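Working through the structure, step by step
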Amino acid sequence: MKFVDEFRDSQKAQYLKQAIHNLAQQIEPTLSRPLQLMEFCGGHTHTIFRYGIEQLLPDCIEMVHGPGCPVCVLPMGRVDDAVNLAIRPEVIFTTFGDAMRVPGSTMSLLQARGKGADVRMVYSPMDALNLARQNPEREVIFFALGFETTMPSTALTVLQAEREGIKNFSLFCNHITTAPTIKAVLDEPDLMLDGFLAPGHVAMVIGLQPFEFIARDYYKPLVITGFEPLDILQALWMLLKQIAEQRCAVENQYARVVQPTGNKAALNAIHQVFATREHFELRGLGSIDHSGVGMTANYSGFDAERKFAVKPLTVIDPKECQCGAVIKGLIKPWECQIFGKACTPETPMGALMVSSEGACAAYYNHGYRSAAA
Amino acid sequence: MTDWGEQTITLAHGAGGKAMRDLIQKLFVEGFDNEHLSTLEDQARFDLSALMAQGTQLAMTTDSYVVDPLFFAGGDIGKLAVTGTVNDLAMSGAIPLYLTCGMILEEGFPIKDLAKIVASMKATADAAGVKIVTGDTKVVHKGAADKVFINTAGLGVIPAGVNISAANAQVGDVVIINGFIGDHGAAIVDARGELALESSVLSDCQPLNDLVQAMLKVCPDIHCMRDATRGGVATVLNEFAHSSGVGIRIEQSSLPIREEVRGVCELLGLDPLYLANEGKLVAVVPKDKAAQVLEVMLAHPNGDNSAIIGEVLAAPKGKVLLKTGFGGERLLDVLVGEQLPRIC
């Protein structure tokens, strides 16, 4: 396939694998424990499992699968809020497909649909706006999710709705921000991470600067990377090179897409429509300062939370869940006390089992080692 | 052929009176056109000795079809309703002979569309060498069903000596598929019109009974065989591994997948191994017969892109492994719920 197969070439992968092993041999004598490298983004986790990348790595590298899956970190209370909006008879509730199965404390959106709620799967916020045009007598709510990757398209849709004077369209906004979330992971006192692979599609929007504190203040090397298997192997090699040379910098493997200053038009749209919230809760990580955005006062007419006076519900995650310890690299998914027992993809209890991009679900579905666990 | 103009299904078409009799006679009896149906008895009757001459076991199956949209590139609900049931019989090695047809119609459905579906069922039945010999029609209020639901049941005869079961896979066996994976699932996504795709994929909807009989001629000892419908190839392989208590490993680089289908999957974050197929079978055959079986399949119009995709292992028992193009391995598990597009 044009423009994709080039980044999945198995010969080049073998070359990169060898280069990684060569560097690892240099580093290994200096290590007291294996290196723990975190891929923050669920998209990277997906690629690592899909292509079996972990098995190509030397023993001195352990991948830690981070919290960067917007569906996984959606708190249960917000799902309950979404369900409460969706069951209103005047509402058509629209959502990306993978958010439909996320469990709330009583039901998921999929189950709400089974009980009669008008929940529809869309492929973009523009599809939701189309539904609003076609159903002027109904209120169409879009379940806005995701890091900075998906924020621009949601913001542009709101701006389009404003231009057209559409009154029956609103967002239930759950967008979250990457840098504060990584900072929350870094601030954990028992952190054991040695480096980061950072999400290329987020950097495409926000540029490199928001990641610089990680190298500067926390002395962790970081490489911004794309989503194809060769992207990830090359980024791992770049990360090891920094470690071997005892450097900490923000490097850009995904230069074919990511401009150092990001995308100004996208950022303008985001800043026009969204403003940082004081706090936002992330499932498995708890409340994190400035980790979410809400809608600015100018766009309150498109804010479902204000239109329907949503009183945010807080639901505590089950205490048996050890998602936090998995995310911090303290334990592997299969070492969690409820992994594969009480917590499975059919009945997810913890955040990381919810979406196929979550670390636990990925191990459960694809992990060879989990089969023996 | 009756011209139905703009006529639609009304509750009278299911009420047992003249309207229903006319519909059955003009649409179904004339449409399906065979000596069993035209007697208008409440049941079809078969000569036992004729059945016994063809094999030693009867095979029977039923399935219901509720696809949306009703018409898609490469097929429609009628073609699907015949193909699906014929293939369910064929996967046991049976020669499919007779089908039933139960229709649940929504009030207001255009009769000319129903006539198209009936014509498609007849053409598919003829191609598969089966007859639709008895049926049933119900009409429900507008909104109580989605346009048309079809149930078909099928009867076939299994020739002597054929014993195909999901529990028969043996270590060393070879896994074969008869062509491109995921075409039907991709065609349905396209037909729903939610994505403005540049190129359209045709559904692979096709009866496989003739191909199966050709395979059985060179290898009467086919161990396992199943058509990879809902849940796709990954689900079938898991069923074999689980029922037989063996491991199965497939090679990613050997999987026949069209560029267009890969494109749809990339776009939506789907895995073609879980996409539905309506004309694909997965067979497990003894290694020493694999080359012969593959040769026969490649020479058959329903198998011209057949490929060996994997092998049966002693371990891990009940699990399917996918060997990636990078040399890594991962589990290929059964799907949890419906395959839903990812957010990013």
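In what follows, the structure referred to is the one given above.
Described below are features of the structure shown in this document. (Residues numbered from 1 in each chain as written. Chains lettered and ligands numbered in written order. Predicted model: local features only at pLDDT ≥ 70, side-chain atom pairs only at ≥ 80, totals over all residues. Heavy atoms only, no water.)

On to the packing of aromatic side chains, then. The full count for this structure, using the stated rule, is 12 aromatic pairs over all chains. Residues A:Phe213 and A:Tyr218 carry aromatic rings whose centres are separated by 6.0 Å and whose planes lie at 80° to one another, so their mutual orientation is edge-to-face. Taking 6.1 Å as the distance between ring centres and 70° as the angle between the ring planes, the aromatic pair formed by A:Phe339 and A:Tyr364 counts as edge-to-face. Linking A:Phe339 in the loop between α13 (323–327) and α14 (359–366) with A:Tyr364 in helix α14, this pair joins segments that are 25 residues apart in sequence. Three or more aromatic residues joined by ring pairs form one cluster here, namely A:Phe49, A:Trp334 and A:Tyr363. Positioned over the ring face of A:Phe7 is A:Arg256, at 3.8 Å from the centre of the ring. One residue, B:Lys116, lies across the ring of B:Phe71, its end atom 4.5 Å from the ring centre. (Phe/Tyr/Trp six-rings, centres within 6.5 Å; stacked < 30°, edge-to-face > 60°. Helix = DSSP H or I, 4+ residues; strand = E, 2+ residues; numbered from the N terminus. Lys NZ or Arg CZ within 6 Å of the ring centre and 35° of its normal.)

The interface is formed by 26 residues belonging to chain B together with 40 residues belonging to chain A. Between chain B and chain A the total buried area reaches about 3100 Å² when both faces are included, carbon and sulfur atoms providing 59% of it. Where chain B packs against chain A, one counts 2 salt bridges. Its salt-bridge partner being B:Glu266, residue A:Arg8 comes within 2.8 Å of it at the nearest N-O pair. Seen at the junction of chain B and chain A, the total is 5 residue pairs in polar contact (both at pLDDT 80 or more). The set of elements that each furnish at least two residues to the side of chain B that touches chain A consists of α8 (259–268) and β13 (329–331) of chain B. With 5 residues, α8(B) is the single largest residue contributor to the side of chain B that touches chain A. (Contact = heavy atoms within 4.5 Å. Buried area = accessible area lost by both parts, 1.4 Å probe. Salt bridge = Lys/Arg side-chain N within 4 Å of Asp/Glu carboxyl O. Polar contact = N/O pair within 3.5 Å; in protein donor to acceptor, adjacent residues only side chain to side chain.)

Turning our attention to the sheet that holds strand β7 (residues 174–177) of chain B. Residues and elements named next belong to chain B. Taken together, the 7 strands give an open sheet; going across it, the order is β8-β10-β7-β11-β9-β12-β13, and neighbouring strands pair in mixed fashion. Where the open sheet ends on each side, the last strands, each with one partner, are β8 (224–227) and β13. Sheet twist, expressed as the average angle between the axes of neighbouring strands with direction ignored, equals 25°. Bridge analysis of β7 against strand β11 (residues 307–313) gives 4 bridges, and the strand direction is antiparallel. Bridging from a neighbouring strand, Ile177 pairs with Ala307 of β11. Taken strand by strand, helix α6 (residues 209–218) contacts β8 and β10 (281–285), and its axis lies near 10° from that of β10. (Pairing = 2+ DSSP bridges. Axes fitted to C-alpha atoms, helices over the stretch in contact; angles between N-to-C directions.)

Let's shift gears to the pairing of strand β6 (residues 169–175) of chain A. Residue and element names in this part refer to chain A. When you tally the buried positions in β6, you get 7 out of 7 residues, the bulk of the element. By the alternation rule, side chains of β6 split into Phe169, Leu171, Cys173 and His175 and Ser170, Phe172 and Asn174, which are all buried. In terms of strand pairing, strand β5 (residues 139–146) meets β6 through 7 bridges, oriented parallel. Paired with Val140 across the strands is Phe169, a residue of β6. (Buried < 20%, exposed > 50% of the residue type's maximum accessible area, 1.4 Å probe, protein only.)

Before going further, it helps to examine the pattern of salt bridges. Going through the model one piece at a time under the given rule, you end up with 35 salt bridges over all chains. A:Glu164 serves as the salt-bridge partner of A:Arg133, at 2.7 Å between the closest nitrogen and oxygen. Residue A:Arg133 is found in helix α5 (residues 125–134), and its partner A:Glu164 is found in helix α6 (residues 151–164); the two are separated by 31 residues along the sequence. The exposure class assigned to A:Arg133 is partly exposed, which follows from its relative accessible area of 35%. Here the salt bridges share partners, and the residues they tie into one network are A:Arg8, A:Arg50, A:Glu228 and B:Glu266.

This part covers the side chain of A:Arg78. Residues and elements named next belong to chain A. Within the element layout of this structure, Arg78 appears in helix α3 (residues 76–86). For Arg78, a relative accessible area of 6% puts it in the buried group. Only 2.6 Å separates the side chain of Arg78 from the side chain of Asn174, close enough to count as a polar contact.

So, about the packing of α5(A) against α6(A). All names here are of chain A. Running from N to C, α5 and α6 cross one another at 25°; their axes reach a closest spacing of 9 Å. When the interaxial angle is binned, α5 and α6 end up roughly parallel. At the point where α5 passes α6, the crossing takes the right-handed sense. On the side of α5, the interface is formed by Pro125, Met126, Leu129 and Arg133, while α6 contributes Ser153, Thr154, Leu156, Thr157, Gln160, Ala161 and Glu164. Split by residue class, the contact of α5 with α6 holds 5 nonpolar, 4 polar and 2 charged. (Parallel < 35°, antiparallel > 145°, perpendicular 65-115°, else oblique. Left-handed = near helix turned anticlockwise from the far one by under 90°. Nonpolar A, V, L, I, M, F, W, Y, C, P; charged D, E, K, R; others polar.)

It is worth stressing that arrangement in space is one thing and function is another; only the former is reported here.
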